[in-house]
Amino acid sequence: MSVDKWNAIKFSLDCFYIKKVFDFFRNFEIEPVLIKGYSIARYYPQNKIRNFLDIDLVFSDKDFPRAKSLSKSLEIDDILIDYHLELRHLDTVPWANLFAKSEIIKLDDTEIRVLCPEDHLRVICVHWLTDGGEYREKLWDIYYIIENRPADFDWDRCLNSVSKRRRRWIVCTIGLTQKYLGLDLSNTPIEEEAKDLPRWLIKKVESEWQKELRLEPLIIASYNYKSLIQQLWKRFPPNAITATIDCEGDFDARTRIFYQIRDMFKRLKF
Amino acid sequence: MNNSEKPVARKNSLVVQELNNEVLVYDLETNKAHCLNESAAIVWKHCDGKTTISDIAKQFINKSGNKVDDDFIWLAIDQLNDLNLMESGLKPDFKGQSRREVIKKIGLASIIALPIISSLVAPQSAYANVSCGIATCVVGTMPSGCPAACPTCAGANGATVVCTV
């Protein structure tokens with residue numbers, strides 16, 4: 001019970017901080033877009049709190065330098081904010097288009113800008129893959145966005161605004177959610193398509209979920225010699241899913257090895 | 001004790017969340033979370049600076065349907081004061097009795113739960129998630145000795161994470 005209470009107050013606290021940062025940036029005529037975190041949590045049922053550690057804010061190319069320079073301001077320097085310069089690898093739709101389609105939602109008395117559900121689902125799927133499919137529990141994000149999508153959810157916008165390869169990534173991630181969490185895809189245009197999952201992908205996610213050691217940023221691991229070694233070892237060979245995404249690869253290619261090699265060199269900055 | 005006193009609950013720098021019959025309060029100044037049980041929550045909510053102790057007792061009876069006296073209200077205010085959840089630093093005078101004795105007396109006389117405020121502690125699993133390798137970061141208290149370079153703790157500085165070396 002005390003965990004539930006802790007989660008409830010932490011959720012309220014995080015919402016308080018979100019309101020604070022939006023008010024703060026708007027005072028400087030900067031309009032960020034909130035992704036992940038609360039913008040997903042709002043799709044969860046009331047009895048299932050989805051907590052988050054940081055606040056992911058996306059800024060336009062124009063606003064980003066100013067937002068970063070303001071990050072040390074006293075008003076917000078105690079808030080954990082992840083500053084994103086547009087969406088980079090997470091999506092290929094131009095930022096101006098994503099922003100134009102973004103929505104304003106009410107968080108108590110504050111207006112919060114979030115991506116439209118179609119764009120957000122795409123971003124969340126790619127983000128999940130970028131993590132190498134490590135986090136089974138984060139498939140619930142995809143589950144609830146789809147389960148509680150608005151009635152006028154535009155599947156065409158969600159799937160066909162990007163390349164066919166990316167479309168396949170997204171359909172496969174949704175397919176994994178269907179396979180492992182029982183997401184109901186009936187009456188969606190991908191009901192059949194989402195069942196067609198590459199064998200390597202299933203094998204890879206299942207093996208990742210067996211592992212005890214989770215991927216951590218190297219900067220954090222670097223404070224402990226043992227965990228640094230573990231984290232470096234974990235990165236070799238590069239995760240096949242991450243490598244495919246990093247190389248804008250094809251899920252149906254015969255092998256992952258070329259993506260993994262390319263990704264390794266890319267990360268070593270050759 | 002002056003039961004015509006009008007206590008004022010603190011509102012600033014607090015994040016408040018109602019959960020069933022309880023009220024959860026996060027103090028942004030101390031970075032501590034508290035849970036007010038139903039009795040403490042009713043008293044706290046009525047501390048508006050306009051209502052006297054005796055009137056709060058009456059409102060409590062109306063709300064809960066259980067008879068309580070002014071000592072019961074003072075007991076709640078005493079704890080709220082201790083946790084810095086009140087604006088006005090009202091100090092109850094239990095006529096030479098210790099708080100423990102008053103609790104015993106009120107507890108025996110009332111059929112309703114005594115006002116209790118408990119501190120919320122971060123769940124154990126959260127500790128592991130935020131361990132930075134330099135210090136053990138504990139969710140729920142304020143960072144003090146954590147080096148600014150530590151990405152985990154510095155990142156969450158003041159929000160929810162604290163370093164206890």
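Quick notes on the rules
- Residues numbered from 1 in each chain as written.
- Chains lettered and ligands numbered in written order.
- Predicted model: local features only at pLDDT ≥ 70, side-chain atom pairs only at ≥ 80, totals over all residues.
- Helix = DSSP H or I, 4+ residues; strand = E, 2+ residues; numbered from the N terminus.
- Rg over C-alpha atoms; globule rule 2.2 N^0.38 Å.
- Buried ≥ 20, exposed ≤ 12 C-beta atoms within 10 Å, placed from the backbone.
- Contact = placed C-beta atoms within 7 Å.
- Axes fitted to C-alpha atoms, helices over the stretch in contact; angles between N-to-C directions.
- Parallel < 35°, antiparallel > 145°, perpendicular 65-115°, else oblique.
- Nonpolar A, V, L, I, M, F, W, Y, C, P; charged D, E, K, R; others polar.
- Pairing = 2+ DSSP bridges.
- Left-handed = near helix turned anticlockwise from the far one by under 90°.
- Expected span 1.5 Å × (residues − 1).
- Core = buried A, V, L, I, M, F, W, Y, C linked by C-beta atoms within 7 Å.
- pLDDT = per-residue confidence, 0-100.

Caption draft 1: Structural detail: the overall build of chain A. Tallying secondary structure elements over chain A gives 13 helices and 5 strands in all. In terms of overall size, chain A behaves like a compact globule, its C-alpha atoms giving a radius of gyration of 19 Å where 270 residues would be expected to give roughly 18 Å. Along the longest, intermediate and shortest principal axes, the C-alpha atoms of chain A span 50 × 50 × 45 Å. Split into buried and exposed, the 270 residues of chain A put 34% on the buried side.

Caption draft 2: Structural detail: the overall build of chain B. From N to C terminus, chain B includes 6 helices and 6 strands. For chain B, the α and β elements follow one another from N to C terminus as β-β-β-α-α-α-α-β-α-β-α-β. Contacts in chain B between residues far apart in sequence, at least 24 positions, make up 51% of those at least 6 positions apart.

Caption draft 3: Up close: the packing of helix H5 (residues 117-130) of chain A against helix H8 (residues 164-181) of chain A. Residue and element names in this part refer to chain A. Taken N-terminus to C-terminus, the directions of H5 and H8 make an angle of 80°; their axes are 9 Å apart at the nearest point. In this view, H5 runs roughly perpendicular relative to H8, as classed from their interaxial angle. Of H8, the residues touching H5 (which contributes Arg122, Cys125, Val126, Trp128 and Leu129) are Trp169, Ile170, Thr173 and Ile174. Split into classes, the residues belonging to the contact of H5 with H8 amount to 7 nonpolar, 1 polar and 1 charged.

Caption draft 4: Geometry of the sheet that holds strand S2 (residues 22-27) of chain B. All names here are of chain B. As summarised here, the arrangement of the 4 strands in space is S1-S2-S3-S4, forming an open sheet in which the pairing is antiparallel. Single-partner strands in this sheet number two, and they are strand S1 (14-19) and strand S4 (117-120). Here the strands of the sheet are splayed against their neighbours by 25° on average, with no regard to which way each runs. One ladder, built from 5 bridges, connects S2 with strand S3 (residues 32-36); its direction is antiparallel. Bridge assignment links valine 25 to a residue of S3, and that residue is histidine 34.

Caption draft 5: Spotlight on the packing of helix H1 (residues 38-46) of chain B against helix H2 (residues 53-64) of chain B. Residue and element names in this part refer to chain B. It is at 10 Å that the axes of H1 and H2 come closest, and there the two elements cross at 130°. Between H1 and H2, the angle falls in the class oblique. As H1 runs across H2, the sense of the crossing is right-handed. Mapping the contact onto sequence places Ile42, Val43 and His46 in H1 and Ile56, Gln59, Phe60, Lys63 and Ser64 in H2. Residues that form the contact of H1 with H2 fall into these classes: 4 nonpolar, 3 polar and 1 charged.

Caption draft 6: Main features of unusual backbone geometry. Residues and elements named next belong to chain A. With a phi angle near 55°, glutamate 29 is a residue other than glycine that sits in the positive phi range. You can see glutamate 29 is positioned in the loop between helix H1 (2-27) and strand S1 (33-35). Under the C-beta neighbour-count criterion, glutamate 29 is labelled exposed, with 8 such atoms within 10 Å.

Caption draft 7: Molecular detail of H1 of chain A. Across its 26 residues, H1 of chain A extends 38 Å between first and last C-alpha, which sits within 8% of the 38 Å expected from 1.5 Å per residue. Two residues or fewer past H1 of chain A, glutamate 29 of chain A is found with a positive phi of approximately 55°.

Caption draft 8: A look at the environment of leucine 24 of chain B. Looking at where leucine 24 of chain B falls in the secondary structure, it is placed in strand S2. On the basis of neighbour counts, which here come to 22 C-beta atoms within 10 Å, the residue leucine 24 of chain B falls in the buried class. With near-sequence residues (within four places) excluded, leucine 24 of chain B lies in contact with Lys5, Ala8 and Ile9 of chain A together with Gln17, Leu19, Ala33, Cys35 and Leu120 of chain B.

Caption draft 9: Spatial organisation of H2 of chain B. Taking 1.5 Å of rise per residue, the 12 residues of H2 of chain B would be expected to cover 16 Å, and the 16 Å separating its terminal C-alpha atoms lies within 8% of that figure. On the buried face of H2 of chain B, the contacting elements are H1 and helix H3 (70-82) of chain B.

Caption draft 10: Representation of the environment of glutamine 231 of chain A in the model. Residues and elements named next belong to chain A. Turning to its location among the elements, glutamine 231 is positioned in helix H11 (residues 225-234). Residue class for glutamine 231 comes out partly exposed when judged on the 19 C-beta atoms lying within 10 Å of it. Glutamine 231 sits 91 residues away from tryptophan 140 along the chain, and the two C-alpha atoms are 26 Å apart. Among all residues touching glutamine 231, those that are not within four sequence positions of it are Glu216, Leu218 and Ala221.

Caption draft 11: Examining the environment of lysine 36 of chain A more closely. Residues and elements named next belong to chain A. Inspection of the secondary structure assignment puts lysine 36 in the loop between S1 and helix H2 (37-41). Accessibility expressed as a C-beta count within 10 Å gives 24 for lysine 36, which makes it buried. Spatially, the C-alpha atom of lysine 36 lies 8.9 Å from that of leucine 57, the residues being 21 residues apart in sequence. In this structure, lysine 36 is in contact with Phe52 and Asp56, ignoring residues within four places of it in sequence.

Caption draft 12: Representation of the nonpolar core in the model. Core analysis: the biggest nonpolar cluster contains 56 residues, and Ile18, Val21, Cys125 and Ile142 of chain A have the highest contact counts within it. Element by element, the count of residues in this core is highest for H5 of chain A, at 7 residues. Of all hydrophobic cores here, the second largest spans 32 residues; its members include Ile9 of chain A together with Val23, Tyr26 and Trp44 of chain B.

Caption draft 13: Representation of the confidence of the model for chain B within the structure. Looking at chain B, the pLDDT average stands at 72 and 66% of residues meet or exceed 70. Note on residues 124-165 of chain B: pLDDT is under 50 here. Beyond four places in sequence and across chains, it has 89 contacts.

Caption draft 14: Molecular detail of the pairing of S1 of chain B. Pairing analysis gives 6 bridges linking S1 of chain B to S2 of chain B, with the strands arranged antiparallel. Paired with valine 15 of chain B across the strands is tyrosine 26 of chain B, a residue of S2 of chain B.

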